[in-house]
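Below are the chains, spelled out letter by letter.
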Amino acid sequence: MLLEKALWIIAFTVVLLTSEVYDKNDELLKACLPFTSVTGNGTTNKMIDLNENSEKIQDLKCNTHRINGMKGFDENVLKAEIVNKIEECEGLCNNQKECRAFRYLLKNRVCFVYNSKQHIEDDISESGFYVKRCVLCYMNITKNVKGCDDEIESVWEDVSSLEKCEDNCIKSDNCRAVHFDGERCFKFTDEVKPYEKTGIDFSRKICEQYTD
């Protein structure tokens, strides 16, 4: 804890002392930073348990989006660290469930991780402020119903449980729903309307904007 506070104080001091220097190199520094997502398509997949008392695992997919010339509020800083590149800064954010945004200063390699997307105008022109936008997907079970056979896209054989069937769907980007007959998991990639069938369990994937 003391080490983290010391790093934060050092990083904040460096930012204040060097703010005037950054303004002179504004155009060059802007050219060195990405303007959309940080790494590739900007997507990070992370399996998380949002309910500490539940064994249900859900899928959280996040994208990072840059907001130019902004910074977060000091009181919302979770941590400040020196990192070698912006991808490492993004990684610090993705590894923390509470992270909602991060800021990276290219010249002194300081990474600020925030627990809020709130931001204000930054007087350091090269500041890169990124917000994390996430979509949470989970499965919703209906007992004793199944999807139509002619809408089945594929079948996972030798599936041991409904939970394993759901897990396969969660991990498959184009899976919209599954039904489980006790041995096999049937995958649907289109919107499907189930009908009654005793002994079959149907589970639909639901994805929502994650705002906690």
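Residues numbered from 1 in each chain as written. Predicted model: local features only at pLDDT ≥ 70, side-chain atom pairs only at ≥ 80, totals over all residues. Heavy atoms only, no water.

*Asks:* Whenever I open this one, the confidence of the model for the chain confuses me. Can you help?
*Replies:* Averaged over every residue, the pLDDT of the chain is 77; the share at 70 or more is 72%. The lowest-confidence element of the chain is helix H2 (residues 26–32), averaging 32 in pLDDT; the highest-confidence one is strand S11 (residues 185–188), averaging 97. (pLDDT = per-residue confidence, 0-100. Helix = DSSP H or I, 4+ residues; strand = E, 2+ residues; numbered from the N terminus.)

*Asks:* Explain the pattern of salt bridges to me, please; I cannot follow it from the model alone.
*Replies:* If charged atoms from side chains of opposite charge come close, those side chains can pair. With the rule as written, the count across this model stands at nine salt bridges. Note that Asp 149 is salt-bridged to Lys 146, the shortest N-O span being 2.8 Å. Using a relative accessible area of 49% as the deciding quantity, one classes Asp 149 as partly exposed. In this structure Lys 146 comes out as buried when scored by relative accessible area, which is 12%. The residue Asp 167 makes a salt bridge to Lys 171 at a minimum N-O spacing of 3.1 Å. (Salt bridge = Lys/Arg side-chain N within 4 Å of Asp/Glu carboxyl O. Buried < 20%, exposed > 50% of the residue type's maximum accessible area, 1.4 Å probe, protein only.)

*Asks:* So what exactly am I meant to see when it comes to the pairing of strand S5 (residues 101–105) here?
*Replies:* Two faces make up the sheet, and in a regular strand the side chains alternate between them. With five of five residues buried, S5 lies mostly within the body of the structure. Residue alternation in S5 divides its side chains into two sets, Ala 101, Arg 103 and Leu 105 and Phe 102 and Tyr 104, and both sets are buried. Of the pairings in the sheet, the one linking S5 to strand S6 (residues 110–114) comprises five bridges and is antiparallel in character. Looking at the pairing, Phe 102 lines up with Val 113 of S6. Between S5 and S6, which pair antiparallel in sequence order, lie four residues; one of them, Arg 109, sits at a positive phi of approximately 60°. One ladder, built from four bridges, connects S5 with strand S8 (residues 128–146); its direction is antiparallel. (Pairing = 2+ DSSP bridges.)

*Asks:* I keep staring at the state of the cysteines and nothing clicks. Help me out?
*Replies:* Two cysteines whose sulfur atoms are joined by a covalent bond form what is called a disulfide. This structure, assessed with the given rule, holds five disulfides. Here Cys 89 connects covalently by a disulfide to Cys 111, the sulfurs 2.1 Å from one another. Across the disulfide from Cys 89 to Cys 111, rotation about the S-S bond amounts to roughly 80°, and the bridge is consequently right-handed. Here Cys 89 is found in helix H3 (residues 86–94), whereas its partner Cys 111 is found in strand S6, with 22 residues between them in sequence. Assigned by exposure class, Cys 89 and Cys 111 land together as buried. For Cys 137, the disulfide goes to Cys 207, at an S-S distance of 2.0 Å. A torsion of 110° about the S-S bond marks the disulfide between Cys 137 and Cys 207 as right-handed. With Cys 137 in strand S8 and Cys 207 in strand S12 (residues 195–210), the pair connects residues that are 70 residues apart, well separated along the chain. Judged by relative accessible area, which is 8%, Cys 137 ranks as buried. (Disulfide = S-S within 2.5 Å.)

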